[in-house]
Amino acid sequence: MRVEDQPALAAAAEGARYVVPAFVLDDAILSSDFARPNRVSFLMDALLDLDRSLRRLGARLIVRRGDVVEQAMALMGETGAELLYVSADVSAYARVRERRLARACAERGLGYSSLPGTTVVPPAEIVPAGGDHFRVFTPYFRKWQAVERRPLARVPERLSLPEGLDAGRIPDAKELVDGATSPDLPAGGASEGRARASRWLDEGLAHYADRHDDLGGDDSSRLSPWLHFGCLSPLELATEASSRDGGDAFVRQLCWRDFHHQVHSATPDLPREDYRTHGDRWRSDDAGLQAWKDGRTGYPIVDAGMRQLRAEGWMHNRARLITASFLVKDLYIDWRLGAQHFWDLLVDGDMANNSGNWQWVAGTGNDTRPNRVFNPLRQAERFDPQGDYVRRYVPELAAIEGSRVHRPWDLGLDRSTIDYPEPILDHAEAAAEFRRRRSPR
Ligand SMILES: Cc1cc2nc3c(=O)[nH]c(=O)nc-3n(C[C@H](O)[C@H](O)[C@H](O)COP(=O)(O)OP(=O)(O)OC[C@H]3O[C@@H](n4cnc5c(N)ncnc54)[C@H](O)[C@@H]3O)c2cc1C
């Protein structure tokens, strides 16, 4: 979704007479659970923006719809293209797609080349001695910092398309998926992403280490949707951030992104299967699950996070940790149900990051302390000390000043005028019960 540091585009343009930049709207994805209004809308913005960038270079985006392999092969036949370049990705679906494309090219005597660009360091580039991927973050991070990076790919100076090619059409998101987008969804596309990144590098990065966990301050980069869709190059961002004061803490987070990608690359089942199972026999609790989704658990910090997700299609990382822990460890509901709800709404919803982080919180993933339980009240008092985050997203409590907003049950609220629920569970009891469930018998 970008022309900057886009190795597949740069390689295709090198010495070629024509380049056909193409995107196939994949019917299999569009008819699946993965196609949700927030992400489809962001993707359509990104395609329009990419088309504008390609026009500036003398080409345009060629759009097709259907099965990716059939459409790609038809387009290659139509244009006489000899070589197919793709950007490598890590999800199970992406890898099957890449294998099918490679096979179809080989059968037709066409060239095929899969190039990096999705992560800072390609998943298979660093592996531990005697293993196929790193299971623990810190040793991965050490290797990741030391590895030599590829040079940034240059934007081609000029591109030429063959004459008379039907460019197809970038549809409106509403034609592709039912349902409304979140009211405060940001606009997609590399232009928007680059403008935000540049502003954030100038104004936010220097304070990132101190402030990124401050829920009320909202001081993280908020660049995840543009990174997810490839509107921004993670390598370019890491290179730029490393050269500035305060960049290290931010670059470390980009490494977390790479970490989960290399885990997913080695474990295609990550979105479905426990990475390290504890034999959990999750509770079935439809009312609890619904209260969590609706932001009506009676724990204001949890409810604020869940409502931010609905309103913006995005949630602060600290709130993701708190809300996910509440579902999995307090309610003891299967992490897959929580991950599915995040999928439905997150504009940055990403196979590797969503599954990897949910499993981390559930203690079925890469957390070295799998049975830790976040105390929502302590988290609230530490990361939202003035209660600003809660007041922003939970209007029923907006009139309560300071940190008292985190304990509405202590305030003797008149529930006939304030429609905010009592807590649906007692955290101390729920945490003790969780530890009992997880302790070896
Ligand atoms: C339960 C749960 C689900 C999550 N689901 C997703 C998801 O679907 N997609 C997604 O991109 N992130 C996910 N995250 C990770 C993280 O919450 C978001 O990347 C982050 O909140 C995005 O905000 P930001 O861009 O301001 O991040 P910043 O703090 O500014 O970090 C910069 C970038 O680093 C990457 N990053 C930061 N933290 C993490 C992390 N823990 N794991 C992986 N990458 C990270 C992101 O690309 C982010 O944009 C999830 C976290 C949890 C706990």
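These numbers come from a predicted model, not from an experiment.

Attention now moves to the layout of surface pockets. Approximately 1,200 Å³ is the volume attributed to the second largest pocket. For the lining of the second largest pocket, the element with the highest residue contribution is helix α12 (residues 247-266), accounting for 8 residues. For the lining of the second largest pocket, a count of residues per class yields 19 nonpolar, 16 polar and 10 charged. Here the lining of the second largest pocket spans two domains, and each of domain 2 (117-149 + 191-266) and domain 3 (286-438) adds at least three residues to it.

Turning to the packing of helix α14 (residues 300-312) against helix α15 (residues 317-330), a few remarks are in order. Axis separation between α14 and α15 bottoms out at 9 Å; the angle between their running directions is 110°. Our classification of the angle between α14 and α15 gives roughly perpendicular. Both α14 and α15 take part in a crossing whose hand is left-handed. Note on element contacts: α15 touches α14 through A319, I322, T323 and F326, opposite I301, V302, G305 and M306. Looking at the contact of α14 with α15 residue by residue, the class counts come to 6 nonpolar, 2 polar and no charged.

So, on to the side chain of Q308. Tracing the chain through its elements places Q308 in helix α14. Under the relative-accessibility criterion, Q308 is labelled buried at 1%. At 3.2 Å, the side chain of Q308 and the backbone nitrogen of H316 are in polar contact. If we skip the residues at most four places from it in the chain, Q308 touches R222, G313, W314, M315, H316, Y389 and Y393.

Here we come to the pairing of strand β2 (residues 62-66). Most of β2 sits inside the fold, with 4 of its 5 residues counted as buried. Across 5 bridges, the pairing between strand β1 (residues 22-26) and β2 is parallel. Its bridge partner lying in β2, D26 is registered against G66.

For any two helices packed against each other, the geometry is given by the interaxial angle and the distance between the axes. With their axes 10 Å apart at the nearest point, helix α16 (residues 335-345) and helix α17 (residues 351-362) run at an angle of 145° to one another. For the pair α16 and α17, the sense of crossing is right-handed. In contact with W335, G338, A339, F342 and W343 of α16, α17 contributes M351, N354, S355, W358, Q359 and A362. For the contact of α16 with α17, the class distribution of residues is 7 nonpolar, 4 polar and no charged.

Let us now look at the pattern of salt bridges. This model, assessed by the stated rule, comprises 34 salt bridges. A salt bridge links R36 to D33, with the nearest nitrogen and oxygen atoms 3.9 Å apart. You can call R36 partly exposed: its relative accessible area is 23%. Its salt-bridge partner being R169, residue E175 comes within 2.6 Å of it at the nearest N-O pair. Linked by salt bridges that have partners in common, R296, R307, E396 and D419 make up one network.

Counted by the stated rule, this structure contains 2 cavities of 30 Å³ or more. Contributing to the lining of the largest cavity are Y299, P300, I301, P376, L377, A380, H406 and W409. Only α14 and α18 (376-383) provide two or more residues apiece to the lining of the largest cavity. Of all the elements, α18 adds the most residues to the lining of the largest cavity, at 3 residues. In this structure, the second largest cavity spans a volume of roughly 30 Å³. In terms of lining residues, the second largest cavity is bounded by S325, K329, W360, V361, D367, R372 and F374.

So, about the domain arrangement of the chain. By domain assignment, the chain separates into domain 1 (1-115), domain 2 (117-149 + 191-266) and domain 3 (286-438). At the junction of the two partners, domain 1 supplies 17 residues and domain 2 supplies 19 residues. Buried surface at the junction of domain 1 and domain 2, both sides included, amounts to about 1,500 Å², of which 58% is carbon and sulfur. Summed over the shared surface of domain 1 and domain 2, the result is 1 salt bridge. The salt bridge involving E4 is made with R194; its shortest N-O contact spans 3.8 Å. At the boundary of domain 1 and domain 2, one finds 7 residue pairs in polar contact (both at pLDDT 80 or more). Those elements that provide at least two residues to the side of domain 1 that touches domain 2 are α3 (37-56) and α5 (92-107). Looking at the side of domain 1 that touches domain 2 residue by residue, the class counts come to 9 nonpolar, 1 polar and 7 charged.

Parameters and conventions
Residues numbered from 1 in each chain as written. Predicted model: local features only at pLDDT ≥ 70, side-chain atom pairs only at ≥ 80, totals over all residues. Heavy atoms only, no water. 1 Å grid on protein atoms, 1.4 Å probe; cavity = no way out; pocket = protein on both sides within 12 Å on 5 of 7 lines; lining within 4 Å. Points joined across faces, edges and corners; volume = space filled by probe spheres on them. Helix = DSSP H or I, 4+ residues; strand = E, 2+ residues; numbered from the N terminus. Nonpolar A, V, L, I, M, F, W, Y, C, P; charged D, E, K, R; others polar. Domains from an automatic or database assignment. Axes fitted to C-alpha atoms, helices over the stretch in contact; angles between N-to-C directions. Parallel < 35°, antiparallel > 145°, perpendicular 65-115°, else oblique. Left-handed = near helix turned anticlockwise from the far one by under 90°. Contact = heavy atoms within 4.5 Å. Buried < 20%, exposed > 50% of the residue type's maximum accessible area, 1.4 Å probe, protein only. Polar contact = N/O pair within 3.5 Å; in protein donor to acceptor, adjacent residues only side chain to side chain. Pairing = 2+ DSSP bridges. Salt bridge = Lys/Arg side-chain N within 4 Å of Asp/Glu carboxyl O. Buried area = accessible area lost by both parts, 1.4 Å probe.

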